[in-house]
Amino acid sequence: MQLGLIGLGKMGGNMRERLRKAGITVVGYDRDPTRSDVDSLVELVDRLESPRAVWVMVPAGEATHSVIDQLSALLKPGDIVVDGGNSRWTDDEKHAKLLHARGIGFVDAGVSGGVWGLQNGYALMVGGDKEHVQWLEPIFNALKPEGPYGFVHAGRVGAGHFAKMVHNGIEYAMMQAYAEGWELLEKVDFVDNVREVFRSWQDGTVIRSWLLDLAVNALDQDEHLEKLRGYAEDSGEGRWTVQAAIDNAVPMPAIAAALFARFSSRQEDSPQMKMVAALRNQFGGHAVELEEGAEPGRTAQKAERTG
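What you see is a predicted model, and the numbers here were worked out from it, not measured in a lab. (Residues numbered from 1 in each chain as written. Predicted model: local features only at pLDDT ≥ 70, side-chain atom pairs only at ≥ 80, totals over all residues. Heavy atoms only, no water.)

Draft legend 1. Just the environment of Arg102, in detail. The topology assignment puts Arg102 in the loop between helix 4 (89-100) and strand 5 (105-112). Look at Arg102 and you get partly exposed, because its relative accessible area is 44%. Along the backbone, Arg102 and Gly155 are 53 residues apart, and their C-alpha atoms lie at a distance of 22 Å. If sequence neighbours within four positions are ignored, Arg102 has contacts with Ser72, Ala73 and Pro77. (Helix = DSSP H or I, 4+ residues; strand = E, 2+ residues; numbered from the N terminus. Buried < 20%, exposed > 50% of the residue type's maximum accessible area, 1.4 Å probe, protein only. Contact = heavy atoms within 4.5 Å.)

This is how it looks when you write it as structure tokens:
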């Protein structure tokens, strides 16, 4: 079987290698000519036999829109496009409609596995018509981990990316829980070896997971994480998960809190905490820390009610 693969970065490049090891013929294109097998999308399409399957693995948003728009003019009826990037599920219906108008199939694939996917395989959550998904199964089987798990036809177009979005929301909450537990262990003076506590959890506990294994790896490299700044970006999928929860009236306090914790990590001097400190001083006379060079103001006094 043949596959055109657009986008050969950390994920796409490893996917190409895993597919080739499984006997799939992959024609790859990337804007970086050192990674690319062909010089253009036109050449990529020309190198594939009909009916063609083309997998798009580029950043979500405008980059994906642009590539799919170009493919809609290059491909022929009966061909199929797979969007394997982290696109928002609401974009999938638009892309499917554009391609279906030209007789081209569309499948959305949520892909998880990161840089470890080459070795361990990729978890695949797929949305689309049954006949399109079945035709692509040799590719999905080559990418997924060995064994019965790791691939699911989640539903119609959009279901794959929606499932991946929820997966990433859960990931936010799990990472936040590990982070909070680690900070508390580091804070007290009677736990002498936090790293080994984390390591002890890797077997026999109900919180063991691959994320825990990765946490231990990180602590082995930098035992107290002293080389890192306390800043964490968000990919967007945490926001989409919380927005979908609001739209569907689904309570999601853990994932929402994990998302907001990432926002707070970007504030070296949180404006919100200024107000919290000021209020604690006002109602309880609690001490406040002043900016360097600032003059102390009046201490808390009873507020007069007006109106």
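Past the structure itself, the notes keep going.
Draft legend 2. The arrangement of the nonpolar core in detail. Leu19, Trp55, Val107, Leu124, Leu136, Phe140 and Leu143 are the most contacted members of the largest nonpolar core, which has 24 residues in total. Contributing elements (two or more residues each) for this core: strand 1 (2-6), helix 1 (10-21), strand 3 (53-56), strand 4 (80-83), strand 5, strand 6 (123-127) and helix 7 (137-143). Here the element with the most residues in this core is helix 7; it accounts for four residues. Apart from the residues within four sequence positions on either side, Leu136 is in contact with Met1, Ala53, Ile80, Val82 and Val107. The next biggest cluster of nonpolar side chains, apart from the first, holds 21 residues, and it includes Val45, Val54, Val81 and Ile104. (Core = buried A, V, L, I, M, F, W, Y, C linked by side-chain atoms within 4.5 Å.)

Draft legend 3. Expanded view of the pattern of salt bridges. Taken as a whole and assessed by the stated rule, the structure comprises 15 salt bridges. Notably, a salt bridge pairs Glu196 with Arg195, separated by 3.5 Å at the nearest N-O pair. Looking at Glu196, the relative accessible area reads 31%, which means it is partly exposed. A single salt-bridge network, built from bridges that share partners, covers Arg195, Glu196, Arg199, Asp220 and Glu223. (Salt bridge = Lys/Arg side-chain N within 4 Å of Asp/Glu carboxyl O.)

Draft legend 4. Inspection of helix 12 (residues 253-264) at higher detail. If you check helix 12, its first and last C-alpha atoms are 16 Å apart, about what 12 residues at 1.5 Å a residue would give, namely 16 Å. Within the sequence span of helix 12, burial applies to Ile255, Ala256, Ala258, Leu259 and Arg262. Take helix 12 and look down its axis: the buried residues cluster within an arc of 160°, on one side only. Residues of helix 12 that are exposed and point over 90 degrees away from its buried face: Pro253 and Ala254. Where helix 12 is buried, its residues touch helix 8 (159-187) and helix 11 (237-247). (Expected span 1.5 Å × (residues − 1). Arc of directions from axis to C-beta.)

Draft legend 5. Structural view of the packing of aromatic side chains. Applying the stated rule across the entire model yields six aromatic pairs. Seen in terms of ring centroids, Trp89 and Phe162 are 5.0 Å apart; in terms of plane orientation they differ by 90°. Their pairing is edge-to-face. In this pair, Trp89 is assigned in helix 4 and Phe162 in helix 8, connecting sequence segments 73 residues apart. Its relative accessible area of 29% is what places Phe162 among the partly exposed residues. Seen in terms of ring centroids, Phe260 and Phe263 are 5.9 Å apart; in terms of plane orientation they differ by 55°. Their pairing is tilted. With a gap of three residues between them, Phe260 and Phe263 both fall in helix 12, about one helical turn apart. A residue is classified by how much of its surface remains accessible, and Phe263, at 27% relative accessible area, is partly exposed. One aromatic cluster in this structure is built from Trp55, Phe140 and Phe151. (Phe/Tyr/Trp six-rings, centres within 6.5 Å; stacked < 30°, edge-to-face > 60°.)

Draft legend 6. Broad picture of the sheet that holds strand 6. As summarised here, the arrangement of the seven strands in space is 2-1-3-4-5-6-7, forming an open sheet in which the pairing is mixed. In this open sheet, the two edge strands, each paired with only one partner strand, are strand 2 (25-29) and strand 7 (151-155). For this sheet the average axis-to-axis angle between neighbouring strands, irrespective of direction, equals 25°. Of the pairings in the sheet, the one linking strand 1 to strand 2 comprises five bridges and is parallel in character. Each bridged residue has a counterpart across the sheet, and for Leu3 the counterpart in strand 2 is Val26. Running over the sheet, helix 4 touches strand 4 and strand 5 and is turned about 145° from strand 5. Strands in contact with helix 8 are strand 4, strand 5, strand 6 and strand 7; relative to strand 5, the strand with the most contacts, it is inclined by about 15°. (Pairing = 2+ DSSP bridges. Axes fitted to C-alpha atoms, helices over the stretch in contact; angles between N-to-C directions.)

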